[in-house]
Structure formats: structure tokens, C-alpha cells
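Survey of secondary and tertiary structure
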Amino acid sequence: MRVTFAFVASALVVSLVLRTLNYFSDKRNNPFSVKAQVFLSWTLSVSILTLVPLDVGYSLSKMTTENGEHENHRTDDGTMSYMWGLTYWSTFLLTWVILPLHQIYEDSGDFTFASRCSTALRENVVFYLVLVGILCIGATGLLFFGSLDASSLSAYGIVVANAWGISTGILLVGYGLVEVPRALYKRSFLDDRPTRAYKRVAHVSRSLQEAHEDLKKVCKAVATTARVMPRRHELRWAMDIIESEVPDAETLRMDNNNNNNNNNGGGPSSSSPMQAAGTSSSRRGSYGEMNAMGVMMDDDDDDAMLDYDYDLEKDLARLRRRLKRSLRVYRRTRAQYVEAVEDAFQAEATYQTSKSAHGRLIKPPSASGGIISQDLLQNGSALRDGGGVSSSSSPSPSIRSIRDSIEKFYRCTFEPMTCKVLAFSFAFLSLAIILAESTIWTGDALGEHATLSLFGVIVERNVNNVLTLHMAIFVPLFYVCFCAYLSLGRLGMFSFYTLVPYGTDSLSLLFNASLVCRYSAPLAYNFLALLPVLSRPSV
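Right, let's walk through the structure included here. Because the structure is a prediction, the values reported are computed rather than measured. (Residues numbered from 1 in each chain as written. Predicted model: local features only at pLDDT ≥ 70, side-chain atom pairs only at ≥ 80, totals over all residues. Heavy atoms only, no water.)

Some words on unusual backbone geometry
Threshold: Each helix is a run of DSSP H or I of at least 4 residues and each strand a run of E of at least 2, with the numbering of both proceeding from the N terminus.
One non-glycine residue, tyrosine 502, lies in positive phi territory at about 60 degrees. Assignment of secondary structure puts tyrosine 502 in the loop between α17 (466-491) and α18 (506-518).

Some details on the nonpolar core
Formally: The set of buried Ala, Val, Leu, Ile, Met, Phe, Trp, Tyr and Cys residues whose side-chain atoms join them within 4.5 Å is what this entry labels a nonpolar core. Throughout, exposure labels follow a simple rule: accessible area from a 1.4 Å probe, protein chains only, divided by the maximum for the residue type, with under 20% read as buried, over 50% as exposed, and the rest as partly exposed.
Core analysis: the biggest nonpolar cluster contains 61 residues, and Val38, Trp42, Val52, Tyr485, Leu488, Leu523 and Phe527 have the highest contact counts within it. For this core, the element with the highest residue contribution is α17, accounting for 11 residues.

Here's the deal with the side chain of serine 41
Using the following cut-off: In the analysis that follows, any N or O atom pair within 3.5 Å is treated as a polar contact, provided that within protein one partner can donate a hydrogen and the other can accept it, and provided that, for residues neighboring in sequence, both atoms belong to side chains. What makes two residues a contact is simply this: any of their non-hydrogen atoms within 4.5 Å.
Structurally, serine 41 can be placed in helix α2 (residues 32-46). Using a relative accessible area of 0% as the deciding quantity, one classes serine 41 as buried. For serine 41, the side chain forms a polar contact with the main-chain oxygen of glutamine 37, separated by 2.8 Å. In this view, serine 41 contacts Leu94, Leu99, Ala513 and Cys517; residues no more than four positions away in its chain are not counted.

Focus: the state of the cysteines
Put simply, the rule reads: The disulfide criterion used throughout: a pair of cysteine sulfur atoms within 2.5 Å.
Inspection of the entire model under this criterion finds 0 disulfides. No disulfide involves cysteine 481; its sulfur sits 9.4 Å from that of cysteine 483, the nearest cysteine. Judged by its relative accessible area of 4%, cysteine 481 falls in the buried class.

So, the packing of aromatic side chains
This is how it is decided: Only the six-membered ring of Trp is used, alongside the rings of Phe and Tyr, when aromatic pairs are assigned; centres must lie within 6.5 Å, and planes under 30 degrees apart are stacked while those over 60 apart are edge-to-face, with the rest tilted. Ring-over charges, as used throughout, are those where CZ of Arg or NZ of Lys falls within 6 Å of the ring centre and within 35 degrees of the ring normal.
For the structure on display, the rule yields 16 aromatic pairs. Ring centres 6.2 Å apart and planes at 90 degrees place the aromatic pair phenylalanine 5 and phenylalanine 474 in the edge-to-face group. Taken together, the positions of phenylalanine 5 in helix α1 (residues 2-24) and phenylalanine 474 in helix α17 put the pair 469 residues apart, joining distant regions of the chain. The pair formed by phenylalanine 5 and phenylalanine 474 is uniform in burial state, with each residue classed as buried. Where tyrosine 88 meets tryptophan 89, the ring centres are 5.1 Å apart and the plane angle is 85 degrees; that geometry is what we call edge-to-face. Judged by relative accessible area, which is 51%, tryptophan 89 ranks as exposed. Of the aromatic side chains, those joined through ring pairs into one cluster are Phe5, Phe474 and Phe478. Taking NZ or CZ as reference, arginine 116 lies 4.2 Å from the ring centre of tyrosine 105, over its face. It is arginine 518 that lies over the ring of tryptophan 96; its NZ or CZ is 4.4 Å from the centre.

Some words on a nonpolar patch on the surface
Heads up, the rule is: Patch members must show over 30% relative accessible area and no salt bridge, and they are joined within 9 Å when carrying like charges or within 5 Å when they are nonpolar side chains of Val, Leu, Ile, Met, Phe, Trp or Tyr. We get accessible surface area from the Shrake-Rupley algorithm with a probe of 1.4 Å; when it comes to residues, only the shown protein chains can shield them. By salt bridge we mean one thing: a side-chain nitrogen of Lys or Arg within 4 Å of a carboxyl oxygen of Asp or Glu.
Judged by side-chain polarity, Tyr88, Trp89, Phe92, Leu93, Val97 and Ile98 come together as a nonpolar surface patch covering roughly 560 Å² of accessible area. Along the polypeptide, isoleucine 98 turns up in helix α4 (residues 70-107). Assessed through its relative accessible area of 37%, isoleucine 98 is described here as partly exposed.

A few points about the side chain of serine 108
Here serine 108 is to be found in the loop between α4 and α5 (113-144). Discounting chain neighbours no more than four positions away, the residues touching serine 108 are Arg116, Thr119, Arg321 and Lys324.

With respect to the pattern of salt bridges
Scanning the entire structure with this criterion turns up 20 salt bridges. With its nearest N and O atoms 2.8 Å apart, the salt bridge here joins arginine 321 to aspartate 107. A residue pair is termed long-range when its members are at least 10 positions apart, and arginine 321 in helix α12 (residues 313-355) and aspartate 107 in helix α4 qualify at 214 residues. There is no split in this pair, since arginine 321 and aspartate 107 are both buried. In this structure, aspartate 505 engages arginine 332 in a salt bridge whose closest nitrogen and oxygen atoms are separated by 3.1 Å. Residue aspartate 505 is found in the loop between α17 and α18, and its partner arginine 332 is found in helix α12; the two are separated by 173 residues along the sequence. The buried category is assigned to aspartate 505, whose relative accessible area is 7%. Taking relative accessible area as the criterion, arginine 332 reaches 13% and is therefore assigned buried. Sharing partners across several salt bridges, the network here consists of Asp107, Glu123, Arg321, Arg325, Arg328, Arg332 and Asp505.

Right, dumping it as C-alpha cells:
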């Protein structure tokens, strides 16, 4: 049974990671190396969903094992120790060494592989030197005031290494425990959905306008540097690389007009100006027309953006890095805008359907005929599954009526009711986890066999039922991990990084993978603390 659970849980973990990576990754702009490393990092981190139930099962089985089976348990202990060590040290190297190096490598604007590796190594060394310096200052202060002696320095290092992960991990879980039921409960009310969707469209629209303006400034810097650089200059090859990465001026102008139309009209328009994107002239020929196309700035704009010396390769690398950053922000903000508009269309259509006097199903605007088009997102259709686009062979009226009735029932009745049921179910699970977290240290006061942890009681009463034992650990641990990683995704709203469906850039994926690896061990340790039965001497 344990082998079956391990196989099924591992397959589920891999499937979830693949689905999540496919959902968030920008397929067109993210290299395979980034996707492979993020997949490895997420898989190793989420593997605690398999390791923790198996480890608890092996530990509790010792309580009911006869003496003749001790040899088997020694083998099981060795296997679990090896798996825990492999997972811990792999995630440790990923989060502190490999992923930070890869992040700076992707962000670097250098033109050769060796130069980009050198930049990544140099910036990470500076960061870790500063971090070690801060820790040394803290240790020196404690030694000076007598709060710490030389023999306890190792304990000081262990406390510093674990306190940050455990304390912030609990905060992340706490936010998710409240946010998940609340978000589901809000979604169950159809009348409020359009208002929230419109507010999000307005917010993302302003962000897209700011990203577009910033990209225009960088494009002006590139155009000016390319114009003043002699064609036979020794670094002209580097300038050509930068020019090749500049988006077409016509595309930028069309995207900007598209956004302005929504801002002025108060909502999405029925005709899309995006279909001309990609039909512009070559990049080098478009520089002379940038003013007319809206890419060039006014004369009183910030001239610091143009301060790049083409005689130095490091300045050209700095210009290229600035361009790459602006493009990343612009693309992911544009993807957010597409998602927000789609959600607004869907929310408005669902609301109108629920209020329709004739019971008519109202569908959201078509992706091909509305404001959202393939050119806007540049990595597939805006409605990923082809929603709203009719098939070539139109179904008969009776089939269409049945299909519309099923869709109306799902959107107006089944989905809101399901959201409410899930909201109350997750609220109960959240309360059980909060109660168990708040009473971790009350075991001694309550006695050996008294506990306020619901999961501890379930585990203790199902020691001999392997399947129930594993599921009683897997389900709440999965919910805890989901809450923590949801909070990590929301952390991107503070501009550290941003996870956007089908539009997340490589740097954001790597940054998120680094944080996920960092919280894997603290989440596992914290959940084990919710099971008081494991702290008894007989275990």
C-alpha cells in the first residue's frame, strides 16, 4: 500500500507541476533551460507531499511492529533518510546557488556566454558578501555584549538559518488560509463579479500605460545610440544585436492606441486595432518614423535614459539589459491586461445571463472579433481554449439549445453553488489548521494523550489503516502548501516578480522557483509539529 501511495502521489505531483508550468510560462519567450530548471525546482519542493506521509507512516508503524521486523525498519529508515537528504540539499543548492546564478544570467545584457556568466557570478558574490557581513556584525555584537560565546556560534547559525524560513512561512500560510475561502465565497456572488473585474481592468490598464511609456523611453535610447554610432565602429555588431531585440514601432503604437481606446471608452471596444501588428517595416527602417508612430519622447523627457557610451561594451550591455527589463515588464503587463479583459467579458456575460428575463444565454465577445486577438498576446490566442469562436460545422438548433442550457446551468447555478460549498469546506479546514498551529506548544499542559490538533487525532486513530493515514496527512499538507505558494504568487504584486497566466517571463519563474525551494523544508517541519503523536517517546 505504501508503494502504491508513493507512486500515485509522485505521479500527481509531477502532473500538477507540469500543468502549473504550462499555465504560467510564456511559451514563446522562455528558453527550455529555464522551464527545465523551474520544473526540477518545483518538483523537488512539492515532493514533500509524498515524503511527509510516507515518513509519518514509517515512524508510526514502529509502535505496532513485532521484534522480528526491526531489520526491515532499519532499511526503511535508511531509505527515508536518503530521500530527505536528497530533497533538502538539492533544494538548498537550487535556492542559494543555481537559481540565483541563472536569474542574473537571464537578466544580464552581456553579449557572450562567458560575459553573462561572469556578471552572474560577480553580482551573486557581492550579494552574499553583504549578507555574510550583516550576519558577522550581528554575531560580533552578541559576543561583545556577552549574549553569545564562541561555543554557541554553531547554534546561532542554525537559529538564523531556520528562524527566517519558519516565521515567514507561517505568515504566508496564514494569509492563504484566509484568502482562499474568502476568494471562493466572493466568486459565488454573480452580481459583484463585473464590478471587481472592471476595477481590475482599470488598474492593469494604467500599469500597461506606464510600462508602454517606459519602453518608449528605452526605444528612444536605442534609436539615438544606433544613429550616432558609426556604421564601421568595432562594436557595431553589439548594436545590431540590441536593434534586433527592439519591438516594431508599429506594434508599440497599435498596442498603445488599443489601450487608450479602452481608457477613453470605459470598456472594451468591438473592433480591434491590433490586427495590423507585425505588418510594419523593418526595425532599422522604422527608427526614422518613430516620432510619427508615437515611440519617440518629447524633448523635455528624462535625458538620463540616453546616457549610453557606444565606445564601451559595458555601456551597450547596460543598454541591452535595460531594454530586456522593459520588454519583460511590458509583455507580462500586457498579458495581465488580456486576462483582465477576458475576465471582465466573462463576468458581464454571466451577470446578464443570470438577469435575463427570457432565460437566454449570453456569451462573452469572440476572441477573434473583439479587442483581444492573437497579436496582442503574441503567444497564442487570447482565449486559450478557443472560447467564443464557433466551429466550422455549426450544430443543429436542438443540440445548440441543449448545449446552451447546460452552459447556463453551469455558469449561473452550479459554479456559484460549488464555490460556496468549497468556501465553507476550506474555511473549516483553515480553522482546524489555525487551531492546531496555535496549540503546538500546549502538549505538556494538556497531557500526553490530549491534543487540540484535529489532524493529530485522525492520525493517531488510524495508525493501522495505511491508506486513511496517508490521506489524512496528504490532504491538509496539500492545502497548507497551496496556501503558502498562493501567498508567494501574490507577493509578486509588490513588483518583486509577477506570475501571469501564459505570460510569465523567465526571471519571474526563476525567482518564484527559488522562493518555493526555500520554503519546502520549513513547511514540512511546521506540519510535522501539528502531529503531537510524533513527539512521544515511543515514536
